[in-house]
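# Overview (structure and organization)
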Amino acid sequence: MKPGSHEAEWREDCAPRRVLELFSTKWTSMILHTLHTLHGGAARTGVLERSLPGISKKMLTQTLREMESTGLITRHVFETRPPAVEYRLTPLGNRFIEPVEMLYAWGRDNADALDALGARATSRRQGRS
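Let me sum up the structure you'll find in this document. Small disclaimer: the values here were computed from a predicted structure and weren't measured.

This part covers the sheet that holds strand β2 (residues 73-78). Read across the sheet, three strands follow the order β1-β3-β2 without closing on themselves; strand pairing throughout is antiparallel. The open sheet has two edge strands, β1 (42-44) and β2, and neither has a second partner. Strand-to-strand, the axes of this sheet are offset by a mean angle of 25 degrees, without reference to chain direction. Examined bridge by bridge, β2 and strand β3 (residues 84-89) share six bridges and lie antiparallel to one another. Residue pairing across strands places V77 opposite V85, the latter belonging to β3. Its contacts with the sheet place helix α2 (residues 26-37) against β1, β2 and β3, and it is angled at close to 95 degrees to β3.

Per the counting criterion, the structure on display carries two salt bridges. Taking the shortest distance from any N to any O, the salt bridge between D13 and R11 comes out at 2.7 Å. Between R88 and E86 there is a salt bridge, with the nearest N and O atoms lying 2.7 Å from each other. With relative accessibility at 30%, the residue R88 sits in the partly exposed group.

Right, let's get into the packing of α2 against helix α6 (residues 97-109). Remark: α2 packs on α6, axes separated minimally by 10 Å, with the N-to-C direction vectors making an angle of 100 degrees. One element, α2, and the other, α6, form an angle in the roughly perpendicular class. Counting all contacts with α2, which are made through K26, S29, M30, L32, H33, H36 and T37, the residues of α6 involved are I97, V100, E101 and Y104. Residue composition of the contact of α2 with α6, grouped by class: five nonpolar, four polar and two charged.

Relative to the assigned elements, G71 resides in the loop between α4 (57-70) and β2. Its relative accessible area of 25% is what places G71 among the partly exposed residues. Distance from G71 to G93, taken between C-alpha atoms, is 7.1 Å for residues 22 residues apart in sequence. Excluding residues within four positions of it along the chain, G71 makes contact with T90, L92 and G93.

Our next topic: the pairing of β3. Every regular strand shows the same layout, with side chains that alternate between the two sheet faces. When you tally the buried positions in β3, you get five out of six residues, the bulk of the element. Where β1 and β3 come together, three bridges link them in antiparallel fashion. Bridge pairing links A43 to Y87 in β3.

Cut-offs used in this document
Residues numbered from 1 in each chain as written. Predicted model: local features only at pLDDT ≥ 70, side-chain atom pairs only at ≥ 80, totals over all residues. Heavy atoms only, no water. Pairing = 2+ DSSP bridges. Helix = DSSP H or I, 4+ residues; strand = E, 2+ residues; numbered from the N terminus. Axes fitted to C-alpha atoms, helices over the stretch in contact; angles between N-to-C directions. Contact = heavy atoms within 4.5 Å. Salt bridge = Lys/Arg side-chain N within 4 Å of Asp/Glu carboxyl O. Buried < 20%, exposed > 50% of the residue type's maximum accessible area, 1.4 Å probe, protein only. Parallel < 35°, antiparallel > 145°, perpendicular 65-115°, else oblique. Nonpolar A, V, L, I, M, F, W, Y, C, P; charged D, E, K, R; others polar.

Structural data, given as C-alpha cells:
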C-alpha cells in the first residue's frame with residue numbers, strides 16, 4: 001500500500017474506522033447523549049440505568065468501564081455509606097457530543113426512511129404490519 005493511496009485511507013487504524021469502532025455499541029452514544037442532554041454531563045449509575053430503557057445492569061457497567069478506559073467519562077466515588085458512584089463527561093467526551101447529536105437529529109428528521117428499512121436479524125425493533 002503506497003502512502004497517500006486510496007487503500008491507505010482505509011487502513012485498520014484510520015480515523016473513520018476508529019470512530020465506527022467507538023460507536024460499535026449503541027450504548028456508548030446513548031450514554032453520551034443521556035449524560036449530556038438529560039443530566040448536565042454527570043449522573044449516578046442508577047439514574048443512568050433508569051434513563052436508558054432496555055439496558056441491562058451488566059451492559060451498563062461494561063459500557064461505562066469501557067468509556068472510562070477510553071477517556072470519554074470519569075468515575076467519581078463518594079465517601080458515603082453505601083458508596084455512591086457518579087460518572088461525568090470528560091472534555092474529550094464532550095467533543096463527541098456534537099456528532100452524536102447530529103446523528104440523532106438526522107434520525108428524528110428521517111424517521112420515515114428508517115421505518116422503510118427492513119428489520120435486521122439482530123434488531124429488537126418490532127416489524128410493521
